[in-house]
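# Summary of structural features
Residues per chain, in single letters:
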Amino acid sequence: MKVGEYKKIARDRLSGQWGINAGILFLSVLLVGAVSQISSIVSNENAQSLISNLLEIFVLFAFSYSLYYIALYVLRGGHAELGQLFVIFQKKYYVPILLLNIISTVVQVLIGLLVFIPLLIQGGFALYFSLVVGRGASVSNGSKLLDLLGSGGFIFLLLASIIIFFFVVAIVSGIFDFAAWLKFDFPELSILDCIKKAWFLIKDRFGKFILLQLSFIGWIILGFLALVIGLLFVIPYVNVANAAFYDQALKEKMDELAL
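No experiment lies behind these values; they were computed from the predicted model shown.

Basis of the calculations
Residues numbered from 1 in each chain as written. Predicted model: local features only at pLDDT ≥ 70, side-chain atom pairs only at ≥ 80, totals over all residues. Heavy atoms only, no water. Salt bridge = Lys/Arg side-chain N within 4 Å of Asp/Glu carboxyl O. Helix = DSSP H or I, 4+ residues; strand = E, 2+ residues; numbered from the N terminus. Buried < 20%, exposed > 50% of the residue type's maximum accessible area, 1.4 Å probe, protein only. Polar contact = N/O pair within 3.5 Å; in protein donor to acceptor, adjacent residues only side chain to side chain. Arc of directions from axis to C-beta. Axes fitted to C-alpha atoms, helices over the stretch in contact; angles between N-to-C directions. Parallel < 35°, antiparallel > 145°, perpendicular 65-115°, else oblique. Left-handed = near helix turned anticlockwise from the far one by under 90°. Contact = heavy atoms within 4.5 Å. Nonpolar A, V, L, I, M, F, W, Y, C, P; charged D, E, K, R; others polar. Core = buried A, V, L, I, M, F, W, Y, C linked by side-chain atoms within 4.5 Å. Phe/Tyr/Trp six-rings, centres within 6.5 Å; stacked < 30°, edge-to-face > 60°. Lys NZ or Arg CZ within 6 Å of the ring centre and 35° of its normal.

## Describing the pattern of salt bridges
All told, the structure shown has seven salt bridges when counted by the stated rule. Across the salt bridge formed by Asp247 and Arg76, the nearest N and O atoms sit 2.7 Å from each other. Of this pair, Asp247 sits in helix α10 (residues 231-257) while Arg76 sits in the loop between α3 (45-75) and α4 (91-133), placing them 171 residues apart in sequence. Accessibility expressed as a relative area gives 11% for Asp247, which makes it buried. Salt-bridge contacts for Asp247 lead to Lys251; the nearest nitrogen and oxygen are separated by 3.4 Å. Residue Asp247 and its partner Lys251 are both found in helix α10; the two are separated by four residues, about one turn of the helix. Since its relative accessible area comes to 59%, Lys251 is described here as exposed. Counted as one network, the salt bridges with shared partners bring together Arg76, Asp185, Asp247 and Lys251.

## Re the side chain of Lys197
Summarising the element assignment, Lys197 is placed in helix α7 (residues 191-202). Polar side-chain contacts of Lys197 include one of 3.0 Å to the backbone oxygen of Leu257.

## Structural notes on helix α8 (residues 206-214)
What α8 keeps buried is the set Phe206, Phe209, Ile210, Leu212 and Gln213. Seen from one end, α8 has its buried residues packed into an arc of 155°, which puts them on one side.

## Notes on the packing of helix α1 (residues 3-14) against α8
Where α1 meets α8, the closest approach of the two axes is 9 Å, and the angle between their N-to-C directions is 55°. With respect to their mutual orientation, α1 and α8 come out oblique. Where α1 crosses over α8, the two elements pack in a sense that is right-handed. When α1 is examined against α8, the residues Val3, Tyr6 and Lys7 are found in contact with a partner set consisting of Lys208, Leu211 and Leu212. When its residues are assigned to classes, the contact of α1 with α8 shows four nonpolar, no polar and two charged.

## Some details on the nonpolar core
Ranked by size, the top nonpolar core spans 68 residues in total, and within it Ile97, Leu100 and Phe178 carry the most contacts. Within the residue set of this core, elements represented by two or more residues are α1, α2 (18-36), α3, α4, α6 (152-185), α7, α8 and α10. Take this core: its biggest share by element is 14 residues, from α10.

## Some remarks on the packing of aromatic side chains
Between two aromatic rings, the relevant description is the distance of the centres plus the angle of the planes. Counting across every chain of the model gives 22 aromatic pairs. Taking the ring centre of Phe216 as reference, the NZ or CZ of Lys7 above it sits at 4.9 Å. The positively charged end of Lys253 is found above the aromatic ring belonging to Phe200, 4.7 Å away from the centroid.

Here is the structure:
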């Protein structure tokens, strides 16, 4: 299938229920904001940070994955409902999706470190030579440091790192999204099996998956320009199109998955 076909399927499935999907997304934003405020009940900044991190790890992640569940449900002809926003808190999903989210977060952090290490090294050397070899943090040395960091080579490395990071994270996110959908479709699968099978489903179609993500850039920009409200419609569109991509891969490789 062509990229445009996945988007057409998404538009067809969302027909008649753009509003409810936008409303569910808006409600999820409100819930995330409300739950996040719980950390403000304590005055200690360290305690606030700890509570905030715990809420992010054990509660807030569920709303994002609920949107993926709803996207797959809508793709297959269902009509989104507000109650589905809490589907991840069901016993059969909560712990597995929690673990999947933790693994996904760790992997993406490690990728970020690996991709941006060359920048850190170059910036570190620049700082070292400015402060140590240059004998002090003088205004002149600070100016030299800024000149070095603003050089063509550094800017090229920064842009190259950002592009590489985008593509790698897009692929990794796709794998973990596929793993979540596999868990929804086959609750009996372990998280590791879901990740392995997700890799099998997407490994020979990375290029098309990336093109699908890139095809939404214009819509995302328009969503921001529309006072961000437009994103309430764009994000469900993206999620359902990605779910269609997963569903097609599943259909084509179902026999090989040995499920």
